[in-house]
Every structure is written in C-alpha cells, then in structure tokens.
Amino acid sequence: MKADLRSDTVTKPTVGMLEAMMSAQVGDDVFGEDPTVNALEEKCAKLFGMDAAIYCPSGTMTNQIGINVLSNPYEEVICYKGSHIYKYEGGGVAGNSGLSFRLLEGNRGRVDLEDVLANINPDDVHCPVSSIVALENTVNKGGGSFYTLAEIAEIAEACISRGIKMHLDGARLFNALAETGDKPQDYGQYFDTISICLSKGLGAPVGSVLLGKAEHIRKARRMRKVFGGGMRQAGYLAAAGIYALDHHVERLGEDHRRAREIGEVLEGLPYVNHVLPVDTNILIFELVEGITAETFLNKLDLQGVKAVAFGPREIRFVTHLNFDDKALGFTIDVLRQLSF
Ligand SMILES: *Cc1c(COP(=O)(O)O)cnc(C)c1O
C-alpha cells in the first residue's frame, strides 16, 4: 500500500473521465472551433456569473494572464506575502507584466480590508500606481484557509469604488465553496478576473480557466497566444474539465474530512509540535525541535507515504480524489508507528 499526499495534482483520471475525453468532439481551438473547449468556457462563465472565460494549460498561466490584462507596466499588485502569484510563479508578474508587489502579512494568508486600504499608494509621482488587489481562496500557504463571500465583498467593494481591479486566484475555490456554502454565481460581481484550476481537487489531468469581463477575456486570448498557450484540439482535455465540474465538486467535502482525521491523529503524536487548523484539504504541521522536514519525509517515504516540506520543520499533506478511506487508514497507521 502507498499514499501520495504531496499535492492534489497527483490524481489520475477516473474511467468515467477517460471515457468523456475519448468521446469528445474537437476542432482547432486557436480558430475558436473546438466545441468542447467552447462548451467548457461557457459553462464556467455561467457558473460564476461572468461574461466570458478562456481555457489555459495551467493555473500559473491563468493568473499571469489575468494580472496582465488588468494592469500596465510600473503599477503594483497588493497581495498576501505567501501568495502563489508571488512565491511560486517564477517572478512572472515582474517579467510578464512589469509590476511590483506590495506584500501583506495576512492571517493564515487572508488579508483584511484595513490592511488593504493601508497599502494603497497615494496619487504621488514617487509611488507605483496601486492597480490590482489579488486574493487567493483557499490559501495554499495558509494551510487551506478560506474567505467567506462576505469577507471578500467588503474588500472588493472598497477596491472597486477606488478604481482598483480585483483578481482571484481560485485554484482551490471549490474547496472554499464546499465549506462556506457560498454560490459560485455570486463571485463574479466582486472580481474582474477569476482563475480556477481543474487539475487540483477536481481531478482533471490538465487545465485551468480564466473568467472575466468580455473586454478582459478578449485581451486574454491575445496574451494566451503570446505566452504560447494556444492549444489546438484541446477538447480532449477540456472534456475532462467538464466531467470534473459535473462529477467531482460534490465530493470535495470527503477530502476535507480525511484531512481533518489525519490532523486529529497528528495532534496526539510525540514528534508533532503544532498542527494548523484543518479547514479544507490542506494540512500543515510543524515537527518538534530536532527533527527536520527532510528526516521526517525520508522516513515517511520508506513506509510508503509521500508528502512535501513547507519549511525547515514544516510538512504539508494534501488530500484528494485518489486518497480514499483505505489510504487514510494506511497513512494513520504509518504516522502512529513512526519513531525518532
Ligand atoms: C496550483 C496552484 C496554482 C496553479 O498552478 P499550476 O500548477 O500552474 O496549474 C495557482 N495558485 C495556487 C494557490 C495553486 O495552488
């Protein structure tokens, strides 16, 4: 028995998903002629109450394009200091769009209105123009913490009234919705662009979608080409995304339950110093002094469980579609038997 908790990107397509992919109608999407890609884009736009959508190879690309179409060079993006767009996109925001970052401390990655307002620059030639506030929901570095729609509305209304654009990195937005019960349709009004990933908890092999206003998505089509993301018969992949939206959203709560169960077990183990609250499918914990993440991960791997380091003594587990109750039981047994 083995278990892979490194990321929710490690999932393999299910039989049903593969069948949907194999029977997809396709065409050349750069010509706008792939009916399955078009159907996925329409489905997503409608779901989130936005004008239009564009299918892209990755969530990094949808974030990079979203930020690009909302800004001009020399401007500034305000976001949490551990945001994916800052930490894990290879400096793309600076290179692709010529922007600087204003980084906020956040509370497990969630920023609040007061913090955002305090970091909007005055209209002064010395300062970059504050043009975008980018939120992440759920927050990866925050251990899967989430915003409610009401918290988002407060920030968005203040920013919109000041002419500041709103981008959402919703790589795991469906995980947040599974907990809050907020409706995706209500999200559109608060953001200029939203990026959602089909390849994370939803279990598609590839793909992310950028949603937005018609003018922004028109511009995004140009930028997708510039970034080399125009794909041809991409309907085979988009079909997996449609299948994922139809079949893998409802089940996300199961991933959250399994993550919580592991969290409860970890709380009682001698080599664990601290477990962050488990809000969704991400679990971050700190090892006691004297045990490094590297030592822990090597031991864990030898027992058949994979995970990743999130700091010198921090570990991240992510539950997903291919981590079932059997894998959960196995993982808990392994964790209980580890000794240092
Ligand atoms: C995974 C992820 C992305 C996108 O990653 P890709 O691997 O490029 O699809 C964006 N934001 C967050 C928070 C993520 O976890």
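Residues numbered from 1 in each chain as written. Predicted model: local features only at pLDDT ≥ 70, side-chain atom pairs only at ≥ 80, totals over all residues. Heavy atoms only, no water.

### Thoughts on the nonpolar core
By size, the foremost hydrophobic cluster in this structure holds 54 residues, and its most contacted members are Tyr 187 and Ile 194. For this core, the element with the highest residue contribution is helix α7 (residues 149-161), accounting for 7 residues. Contact partners of Tyr 187, with chain neighbours within four places excluded, come to Phe 48, Asn 137, Tyr 147, Leu 149, Ile 152, Leu 168, Leu 173, Leu 177, Asp 182 and Ile 194. Ala 259, Ile 262, Phe 296 and Val 334 belong to the second-largest nonpolar core, a separate cluster that totals 31 residues. (Core = buried A, V, L, I, M, F, W, Y, C linked by side-chain atoms within 4.5 Å. Buried < 20%, exposed > 50% of the residue type's maximum accessible area, 1.4 Å probe, protein only. Helix = DSSP H or I, 4+ residues; strand = E, 2+ residues; numbered from the N terminus. Contact = heavy atoms within 4.5 Å.)

### A few points about a negative patch on the surface
Taken together, the side chains of Asp 112, Glu 114, Glu 151, Glu 154 and Glu 157 define an acidic patch exposed on the protein surface. A per-element tally of the negative patch places α7 first, with 3 residues. By the element assignment, Glu 151 lies in helix α7. (Patch = residues over 30% accessible without salt bridge, like charges linked within 9 Å, V, L, I, M, F, W, Y side chains within 5 Å. Areas by Shrake-Rupley, 256 points an atom, 1.4 Å probe, with all protein chains shown as cover. Salt bridge = Lys/Arg side-chain N within 4 Å of Asp/Glu carboxyl O. Lys, Arg positive; Asp, Glu negative; His and termini not counted. Charge placed at Lys NZ, Arg CZ, Asp CG, Glu CD.)

### Digging into the packing of helix α11 (residues 252-267) against helix α13 (residues 325-337)
Helices that pack against each other are described as a pair by the angle of their axes relative to one another and the distance between those axes. Where α11 meets α13, the closest approach of the two axes is 10 Å, and the angle between their N-to-C directions is 15°. Overall, the two elements α11 and α13 adopt an arrangement that is roughly parallel. Considering only the axes of α11 and α13, their crossing is right-handed. Where α11 abuts α13, its residues Arg 257, Arg 258, Glu 261, Ile 262, Val 265 and Leu 266 lie against Asp 325, Leu 328, Thr 331, Ile 332, Leu 335 and Arg 336. For the contact of α11 with α13, the class distribution of residues is 6 nonpolar, 1 polar and 5 charged. (Axes fitted to C-alpha atoms, helices over the stretch in contact; angles between N-to-C directions. Parallel < 35°, antiparallel > 145°, perpendicular 65-115°, else oblique. Left-handed = near helix turned anticlockwise from the far one by under 90°. Nonpolar A, V, L, I, M, F, W, Y, C, P; charged D, E, K, R; others polar.)

### A closer look at unusual backbone geometry
Thr 138 follows Asn 137 through a cis peptide bond whose omega is -5°. The backbone phi angle of Tyr 74 is positive, close to 80°, even though this residue is not glycine.

### Considerations on the site of the ligand
Around the ligand, the surrounding shell consists of Ser 58, Gly 59, Thr 60, Asn 63, His 84, Glu 136, Asp 169, Ala 171, Arg 172, Cys 197 and Lys 200. Measuring from an oxygen atom of the ligand, one finds a side-chain N or O atom of Thr 60 at 2.6 Å. Taking Arg 172, its side chain carries an N or O atom lying 3.0 Å from an oxygen atom of the ligand. Bound to the protein, the ligand loses 83% of the 380 Å² it would expose on its own. (Near = heavy atom within 4 Å. Polar contact = N/O pair within 3.5 Å; in protein donor to acceptor, adjacent residues only side chain to side chain.)

### Some remarks on the domain arrangement of the protein chain
Partitioning the protein chain into structural domains gives domain 1 (15-247) and domain 2 (251-337). Residue-level contacts link 19 residues of domain 1 with 14 residues of domain 2. With both chains or domains summed, domain 1 and domain 2 bury close to 1,400 Å², and 52% of this area falls on carbon and sulfur atoms. At the junction of domain 1 and domain 2, the tally comes to 2 salt bridges. (Domains from an automatic or database assignment. Buried area = accessible area lost by both parts, 1.4 Å probe.)

### Observations regarding the packing of aromatic side chains
On inspection of all chains with the given rule, the structure shows 8 aromatic pairs. Measuring from centroid to centroid gives 5.6 Å for Tyr 271 and Phe 296, while their planes differ by 45°, and the two rings are tilted. One end of the pair, Tyr 271, is in the loop between α11 and β9 (272-275); the other, Phe 296, is in helix α12 (residues 293-302), and 25 residues separate them in sequence. Taken as a pair, Tyr 271 and Phe 296 share a single burial class, namely buried. Members of the aromatic cluster, connected to one another through ring pairs, are Tyr 271, Phe 285, Phe 296, Phe 317 and Phe 340. The ring of Phe 310 is capped by Lys 141, whose NZ or CZ atom sits 4.0 Å from the centre of that ring. Directly above the aromatic system of Phe 340 lies the positively charged group of Lys 299, at a separation of 4.8 Å from the ring centroid. (Phe/Tyr/Trp six-rings, centres within 6.5 Å; stacked < 30°, edge-to-face > 60°. Lys NZ or Arg CZ within 6 Å of the ring centre and 35° of its normal.)

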